[in-house]
Amino acid sequence: MDMMVIEGGRTLQGSVRVSGSKNAALPLMAAALLAEGRTTLHNVPDLMDIRTMASLLRSLGAEVVRNDGDLEIEVRDETPIEASYDIMRTMRAGICVLGPLLARRHGARVSYPGGCAIGSRPIDLHIKGMVSLGAKVKTEHGYLECRVGRGGLTGREMYLGGAYGSTVLGTANVLMAAVLARGTTVIECAACEPEVVNLAEFLTAMGAQIEGAGTARLIVTGVKKLKATQWHTIPDRIEAATMLMAGAVAGGKVTVEGVRRDHLVAVLHKMNEMGIKVSHDGNGALTVTGRKRFRPVDVTTMPYPGYPTDVQAQLMTLLCLTDGISVVTEKVYPDRFMHVAELGRMGAEIRKENNTTIVHGVRGLSGAPVMASDLRASAALVLAGLVARGETEVRRIYHLDRGYENLDAKLIKLGAKITRKEQPAGEVLKD
Ligand code: EPU
């Protein structure tokens, strides 16, 4: 297992291009199960989670081949309906095959996804949606056993909101089930995230009839068949935000290319409030100018278009470098604060109370050995390492490799000093 060793204090300068979005590509891949023929997905990042989804699709009878940034997916056998525990325990997005399996194969045996460091991640809303469409669902031995009657799924009106608002993958899953259902489905409290819009547009290109993508009400008129087509994965807005924040703490001037600025409105507004200058060329390139200190801000994570939970940890690193107090409230995953203790090891002063943290700005951070616990917490620690005095060892970086394509290579290109080393043995056992 690798760790990342970062020598802090280097100024970043130059430009990098953002990869395709992991969280958009995963449901797009699942949607390929709905069509006959060969689907081509462009701009798919080469990441562990994508490879795991490819394995899942292969186990469900699809051929999946990578050609540089493209994935070619062709369904060869439509009889398998089981998503096994071995695959599902490593990646939650595997649950996205449930909708396509029920819609197209009229049955599914899908393992409950594995646990997750960012807190409990139930799938009750996914199940609620499928049951609304007429699926019979029961839980047996850790698997969802689902059946659909001969006539297939039936469109219905449903409310898909949960205790914390809308669900991104839940909306994607139900949408993929509804496109082949008989009649009209109305999904109220649908997720408005760009990744859901990317999926809805892909399904529409395949022949689905969907209105309201990007709003909280999706109206789907079921069709009999979808045809395979080609589609572009949107740029990764979370990677873009992470790179802009890296530039903010350690720039110089850093340009992030290939970005959808309209997907980053909440992040850019917060950065602006903190005194960070980000300019754009109107053509997908954003340039951030680094600074030593930031203004404190309060932030609450919310479903899109609110401030994204996936950029909460990275922002917290920046909030350590203010001359005041900031309050960070997590309203999507109330327990997503594993980075707090690790930032504390680097000199941060952060107090946590339930789903809120109070961040007291400090003079600076100092390099230390720290432990990555999930994808975005790992990114926050890398940002802290870039600006800390001395050397930071970020251990268990496999979390980072699950979701960022070549993050260290991109930062090195900008001037960071980062090396990968074998992590001392023994720690591997603690996972
Ligand atoms: N929720 C329920 N019941 C459900 C589903 C969700 O109560 O059936 C709750 C969750 O526990 C959470 C909230 O609803 O409190 C929102 O969860 P959501 O379903 O939207 O999350 P997700 O779809 O499972 C995706 C991303 C996450 C990202 C969230 C929120 C993918 C593969 N994952 O997860 O990404 O944090 O949306 O935007 O798209 C990441 O990339 O690091 C990551 C964790």
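Given the structure is predicted, the values throughout are model-derived calculations rather than measurements.

1. A word on the packing of aromatic side chains
Then comes step 1: Counted under the stated rule, the structure contains one aromatic pair.
Then comes step 2: Pairing phenylalanine 202 with tryptophan 231 gives two aromatic rings, centres 6.2 Å apart and planes at 35 degrees, and the pair type is tilted. One end of the pair, phenylalanine 202, is in helix α7 (residues 194-205); the other, tryptophan 231, is in strand β14 (residues 230-232), with 29 residues separating them in the sequence.
Then comes step 3: The class for phenylalanine 202 is buried, based on a relative accessible area of 0%.
Then comes step 4: Over the ring of tyrosine 143 we find arginine 109; its NZ or CZ atom is 3.9 Å from the centre of that ring.

2. Describing the site of the ligand
Then comes step 1: Around the ligand lies a shell of 23 residues, among which Asp124, Leu125, Thr167, Asp310 and Val332 are the nearest.
Then comes step 2: Side-chain polar atom of arginine 336 to an oxygen atom of the ligand: 3.1 Å apart, as the coordinates give it.
Then comes step 3: Its free accessible area being 820 Å², the ligand has 91% of it covered by the protein chains.
Then comes step 4: When residues of the shell around the ligand are assigned to their parent elements, the largest contribution, three residues, is made by helix α5 (residues 124-132).
Then comes step 5: For the shell around the ligand, the residue count by class is 11 nonpolar, six polar and six charged.

3. Observations regarding the sheet that holds β14
Hydrogen bonds between backbone atoms are what pair the strands of a sheet, whose relative direction is either parallel or antiparallel.
Then comes step 1: The four strands are arranged β4-β5-β3-β14 in an open sheet whose pairing can be described as mixed. Whereas interior strands pair on both sides, the edge strands pair on one side only; in this sheet they are β4 (62-67) and β14. Across the sheet, the mean angle separating the axes of adjacent strands is 15 degrees when strand polarity is ignored.
Then comes step 2: Relative to β4, helix α2 (residues 48-59) is tilted by about 150 degrees, and along the sheet it contacts β4 and β5 (70-75).

4. What to know about the nonpolar core
Then comes step 1: Membership of the largest hydrophobic core comes to 72 residues, with the highest contact counts inside it found for Leu34, Val97 and Leu203.
Then comes step 2: Aside from chain neighbours lying at most four places away, what touches leucine 34 is Pro100, Ala103, Arg104, Met176, Val179, Leu180, Leu203, Met206 and Leu226.
Then comes step 3: Grouped together as the second largest cluster of nonpolar side chains are 68 residues, Val249, Val297, Met316 and Leu414 included.

5. Description of the state of the cysteines
Then comes step 1: According to the stated counting rule, one finds zero disulfides in the structure shown.
Then comes step 2: No disulfide involves cysteine 146; its sulfur sits 14 Å from that of cysteine 96, the nearest cysteine.
Then comes step 3: Of the cysteine sulfurs around cysteine 192, a residue in no disulfide, the closest is that of cysteine 189, at 8.2 Å.
Then comes step 4: Judged by relative accessible area, which is 16%, cysteine 192 ranks as buried.

6. Thoughts on the sheet that holds strand β22 (residues 369-371)
Then comes step 1: What the four strands build is an open sheet, ordered β22-β23-β1-β24; its pairing is mixed. The sheet terminates laterally at β22 and β24 (417-422), the two strands that pair on one side only. Within the sheet, the average angular offset between the axes of one strand and its neighbour, ignoring direction, is 25 degrees.
Then comes step 2: Pairing between strand β1 (residues 2-7) and strand β23 (residues 391-395): four bridges, direction antiparallel. Within β23, the residue paired with glutamate 7 across the bridge is glutamate 391.
Then comes step 3: The sheet strands contacting helix α12 (residues 375-387) are β1, β22, β23 and β24, and the helix crosses β1 at an angle near 30 degrees.

Conventions we followed
Residues numbered from 1 in each chain as written. Predicted model: local features only at pLDDT ≥ 70, side-chain atom pairs only at ≥ 80, totals over all residues. Heavy atoms only, no water. Phe/Tyr/Trp six-rings, centres within 6.5 Å; stacked < 30°, edge-to-face > 60°. Helix = DSSP H or I, 4+ residues; strand = E, 2+ residues; numbered from the N terminus. Buried < 20%, exposed > 50% of the residue type's maximum accessible area, 1.4 Å probe, protein only. Lys NZ or Arg CZ within 6 Å of the ring centre and 35° of its normal. Near = heavy atom within 4 Å. Polar contact = N/O pair within 3.5 Å; in protein donor to acceptor, adjacent residues only side chain to side chain. Areas by Shrake-Rupley, 256 points an atom, 1.4 Å probe, with all protein chains shown as cover. Nonpolar A, V, L, I, M, F, W, Y, C, P; charged D, E, K, R; others polar. Pairing = 2+ DSSP bridges. Axes fitted to C-alpha atoms, helices over the stretch in contact; angles between N-to-C directions. Contact = heavy atoms within 4.5 Å. Core = buried A, V, L, I, M, F, W, Y, C linked by side-chain atoms within 4.5 Å. Disulfide = S-S within 2.5 Å.

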